Amino acid sequence: MKPTDYFDQFCTRYQAYKNGNWCYEDGCIYRGLELLFEATGEQRWLDHILRLIDPQVSPDGSLAGYTQEEFNIDNVLPGRALIFLDRQTGDPRYMSAARRLIAQLDAHPRIPAGNYWHKKRYPSQVWLDGLYMGLPFQVEYALRSGETPRITDALQQLATALALTQVGNGLYVHGYDDSRAEKWADQLTGKSPAVWSRAVGWLIMALVDILAVLPADQATATLRKQTRAVLLALAERQQQSGLWPQVLDAPDLAGNYDETSASAMFAYALLRAERLDLVAPEEASKIRASGQKAAEALVDTRLVEENGETRLVGICQVAGLGPFNGRYRDGSPAYYLVEEVVADDAKGVGPFMMAYAEATLAIRAKAA
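All values derive from a computational prediction rather than experimental measurement.

*Asks:* Explanation requested: the nonpolar core in the structure shown.
*Replies:* Nonpolar side chains in soluble globular proteins tend to be buried together. Residues Ile-29, Ile-53, Leu-82, Phe-137, Ile-204 and Met-353 are the most contacted members of the largest nonpolar core, which totals 124 residues. Looking at which element gives the most residues to this core, the answer is helix α8 (residues 197–212), with 11 residues. In this structure, Ile-29 is in contact with Phe-10, Cys-11, Tyr-14, Leu-52, Ala-346, Val-349, Gly-350 and Met-353, ignoring residues within four places of it in sequence.

Okay, structure coming up:
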C-alpha cells in the first residue's frame, strides 16, 4: 500500500486519541495532515483536519476537555492547527481558541531560569518534549499577532533548555529537574540519565520548525549552529537499517531496538532543514542523504500487513519521567526498553506523515 493510501485510511478510521478531548496526540496528526496538504495541495488532507478538529472547537473558541489550570504544556501543541486553519478558512473561532492557549502560556509556571514547567504535576521540570509542545506554537502565534517579545522569550527558553540538558556531541538528555527532588535527577546537574530518541526528536523538530519561520540573523545564529550539530549527530548515529535506536546513545544496549516515531521525526527534521537551507552547504548532501535513507526505510520496513490491514509498527507507546500509573519511571537506559511497543499510534503516524511530506517536496525539488 502506498503511504498516502495508508494515511487516508488511518485518518478515515481515526476517532481522536482521548475520547475527543483536546490533546497533543491529535496535534501530531493535525500537523502531519497540514504538511501533507501543503506538500500536495490535495483537499482530502484539509478535509481530514476539519472533520477531526471541528468537534473539539466550539463557536466561542472553547476546547473540548481542556482546562487551563492543569498547566499541561502538551495541550498547547494542537494549537498550531488552529493558526493554520485560521489562515485557510478565516473562521474566527480558531484564533479565539488559540488565544485561550496563549493565555495558558502567559500564566504557565516557570523555573527561575525562565522555562515552562512540563506540567503542573511535574513541577520545576523541563522535558525536551515540552519544547515542541509549546514553543513552535508560541512563535507562530507571535508572528500572526505581531507580539514579537514572545519570539524572544521562546528563543531564550530553547537556549536555556539546551544548556541544561546537553551531554556533548550534539546529544541531550530527556529532562531536567530544577529542584533536584526527583529520584531520576542527578543531584549536581539536575539531568535525567539517558538520551531517549523520541525526546531528541521533539527537540530537533522544535528547533527546525522555529528556525524555518525566523530570519537568519544574530538572534538565531547560535541556535542555528546548535541545530546543525544535532542534525550532524543524528546522521552519524543512523543505523544500517536507516533508522535510529530507542536509546540513542547506547545502540549496543541489550534489548535496544529501532524505534519508528523518533526515526520519523529525525527524517522529517533532516529533510526539512536541508530543504530550507538551515545547514551549511558542505553539510547539505550528508543531511539530505540521511533523511532520504530514513524516509525510505520507514516506507519499506515499518508499513506492514497485519490481519489484512496495513499498519505502522515499532512505535514506543509512551515514555516519561517520575511517577505514572502507580509506578516510577527512573529515566535509565533500561527503563526506555520496557515501555510497550505498538502500531498505529498517533505519535508515530503524525511524524511519519511529516517525513513523507518532506520527502515528497525533496523529490519535487530534485525533479525541477
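Resuming the write-up.
*Asks:* Where do I start with the pattern of salt bridges in this structure?
*Replies:* A complete count under the given rule lists 29 salt bridges for this structure. For Arg-87, the salt bridge identified is with Glu-38, shortest N-O distance 3.7 Å. Of this pair, Arg-87 sits in helix α4 (residues 79–89) while Glu-38 sits in helix α2 (residues 24–40), and the two are 49 residues apart along the sequence. Ionic pairing is found between Asp-153 and Arg-110, a salt bridge with its closest N-O pair at 2.8 Å. Residue Asp-153 is found in helix α7 (residues 149–165), and its partner Arg-110 is found in the loop between α5 (92–107) and β1 (125–127); the two are separated by 43 residues along the sequence. A relative accessible area of 33% places Arg-110 in the partly exposed class. One network of salt bridges, in which partners are shared, links Arg-31, Glu-34, Glu-38, Arg-80, Arg-87, Glu-140, Asp-209, Arg-272, Arg-275 and Glu-358.

*Asks:* Would you mind going over the environment of Gln-240 with me for this structure?
*Replies:* The topology assignment puts Gln-240 in the loop between α9 (221–237) and α10 (260–275). Separated by 62 residues in sequence, Gln-240 and Arg-302 place their C-alpha atoms 15 Å apart.

Parameters at a glance
Residues numbered from 1 in each chain as written. Predicted model: local features only at pLDDT ≥ 70, side-chain atom pairs only at ≥ 80, totals over all residues. Heavy atoms only, no water. Core = buried A, V, L, I, M, F, W, Y, C linked by side-chain atoms within 4.5 Å. Buried < 20%, exposed > 50% of the residue type's maximum accessible area, 1.4 Å probe, protein only. Helix = DSSP H or I, 4+ residues; strand = E, 2+ residues; numbered from the N terminus. Contact = heavy atoms within 4.5 Å. Salt bridge = Lys/Arg side-chain N within 4 Å of Asp/Glu carboxyl O.

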